[in-house]
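This is what each chain is made of:
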Amino acid sequence: MEDAKDPVVITGIGLITSVGQDRESTWASIQRGTCGIRRMTGISPIEDNLVLGAPVDVPAGYEPRLKLLTLNEIAAAEALQDAQIDMESVDRTRFGCAVSAGMGDARAIFDVIDVPGGTWPVAGGLPHEQFFPCTPSYHVAHKFQLEGPRLSHSTACASGLVELGCAVRAIQDRQCDIALAGSAEAIDPLFVAGFRKMRVLSDDADPVRACRPFDKTRNGFVIGEGAAMFVVERLSHALARGAKIYAEVLGCRMLAEAHHVTGIDMNSDALERLLRITLKSSNLGPRDIDYVNCHGTGTQQNDVNEARGIRAAFGPFANRLCASSIKSMIGHLLNASGSVELAMTALALRDGFVPPTSNLRSIDPEVDIDCVPLVGRQLRIQHAIKLSVAFGGHLVAVALRRWNDSQTGFAYPELPEDIRRAA
């Protein structure tokens, strides 16, 4: 990155998903290939059992409000705890907050257009306090009294990575020393209806097998819920307070396809260019990358587009890459997909374990990369890239380097026996 003498590092991770209530339980489930997808009920006015989803059961004790606000709060609290932040001594005026925009409380809108009472889910809280897209960023910053730069972007399924990249940039620009960055998603009836209309949602008699990225029988994605938050900070700031470091953020680059709001350029030119400039800005070459965490939605276009872009950018070195999609287990978290999947990428670096692409039994012949089918793999990864390929043509890539110093980082762990056998 531009300030090579003082890079930006990840020192805290918070997670909640359909397969785990926190970071380590989610990661253990992903390593084992556990799936959180099931038939959805209680998302009125959508008919019960009509669609599949990967919902999160929120722990008891939280105030009634928009679910995505609670998910953000849970993940942010865990990330701060993981990073061992002393909120009494940290300079809050130098503590930034970058949290993706979200679907606001739509109850007021439906009141205006006379949707009959009782058919729209009650969020709790005051609608006017939860309506604005920037509410998630406000909520996290207000909850933890963060007074540095406050950022919020809406870039569809790339939003989580955009927030991470913008937080890193704010630190590099000396606007702050440390930041919380991430995103959350809760299943919303409007999105369910819209995606059903587009015919991009998968269905299967067996919900566990519904999402099949890179498989030639794939038929769409499944909407999921969850959140991930990161504490990112200047290396000198992290070392001064004795923080443990997961990874260094080497580069974050953003591009766009000027192609179509939902369709993808199947030549993959923009994606290839994105990967090349991400490598260059990170001072890496194609031979340096061990793992790519793919967007991997399970749609006909996306999977082939990604495989072609990776193959074109890495050339012969694509033969030694691992590239997997965890949407096969937790669904497509839309707004939160980039941040949750980046968290899995950082944990893959920490533990030397590549998560699997579940349900990949018959790979599409047009997908010419190793997609880690069915079971994960032990691999001492040093560098990894996380990709997001979003509606609207938003393309984002983040490159991470494992922090190898066991004193300030993490030594490679001894994996549990059942995961070693699977690997």
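Scoring rules and cut-offs
Residues numbered from 1 in each chain as written. Predicted model: local features only at pLDDT ≥ 70, side-chain atom pairs only at ≥ 80, totals over all residues. Heavy atoms only, no water. Axes fitted to C-alpha atoms, helices over the stretch in contact; angles between N-to-C directions. Helix = DSSP H or I, 4+ residues; strand = E, 2+ residues; numbered from the N terminus. Parallel < 35°, antiparallel > 145°, perpendicular 65-115°, else oblique. Contact = heavy atoms within 4.5 Å. Nonpolar A, V, L, I, M, F, W, Y, C, P; charged D, E, K, R; others polar. Pairing = 2+ DSSP bridges. Expected span 1.5 Å × (residues − 1). Buried < 20%, exposed > 50% of the residue type's maximum accessible area, 1.4 Å probe, protein only.

**Student:** Got a sec to walk through the packing of helix α1 (residues 23-32) against helix α11 (residues 337-351)? Specific residues and values, please.
**Tutor:** Contact geometry for α1 and α11: axes closest at 11 Å, N-to-C directions at 80°. By the criterion of interaxial angle, the relationship of α1 to α11 is roughly perpendicular. Between α1 and α11, the contacting residues are R23, E24, T26, W27 and I30 on the first element and M344, L347, A348, R350 and D351 on the second. Each residue belonging to the contact of α1 with α11 can be placed in one class, and the counts come to 5 nonpolar, 1 polar and 4 charged.

**Student:** With reference to specific residues and values, describe the sheet that holds strand β10 (residues 291-293).
**Tutor:** Within a beta sheet, neighbouring strands are joined by backbone hydrogen bonds and run either parallel or antiparallel to one another. Strand order in this open sheet of 10 strands is β5-β4-β6-β8-β1-β9-β15-β14-β10-β11, and the pairing throughout is mixed. Whereas interior strands pair on both sides, the edge strands pair on one side only; in this sheet they are β5 (150-151) and β11 (322-324). By the bridge criterion, 9 bridges tie strand β9 (residues 247-256) to strand β15 (residues 394-402) in an arrangement that is antiparallel. Looking at the pairing, L255 lines up with L395 of β15. Each of β10 and β14 (383-389) touches helix α9 (residues 300-314); the most contacted strand, β14, lies at about 140° to it.

**Student:** Before we move on, can you summarise helix α5 (residues 159-172) with the specific residues and values?
**Tutor:** Taking 1.5 Å per residue, 14 residues should reach 20 Å; α5 reaches 20 Å between its end C-alpha atoms and fits that length. Burial of α5 is extensive: 13 of the 14 residues sit out of reach of the surface. Directly beyond the C-terminal end of α5, a positive phi value near 65° is found at R174.

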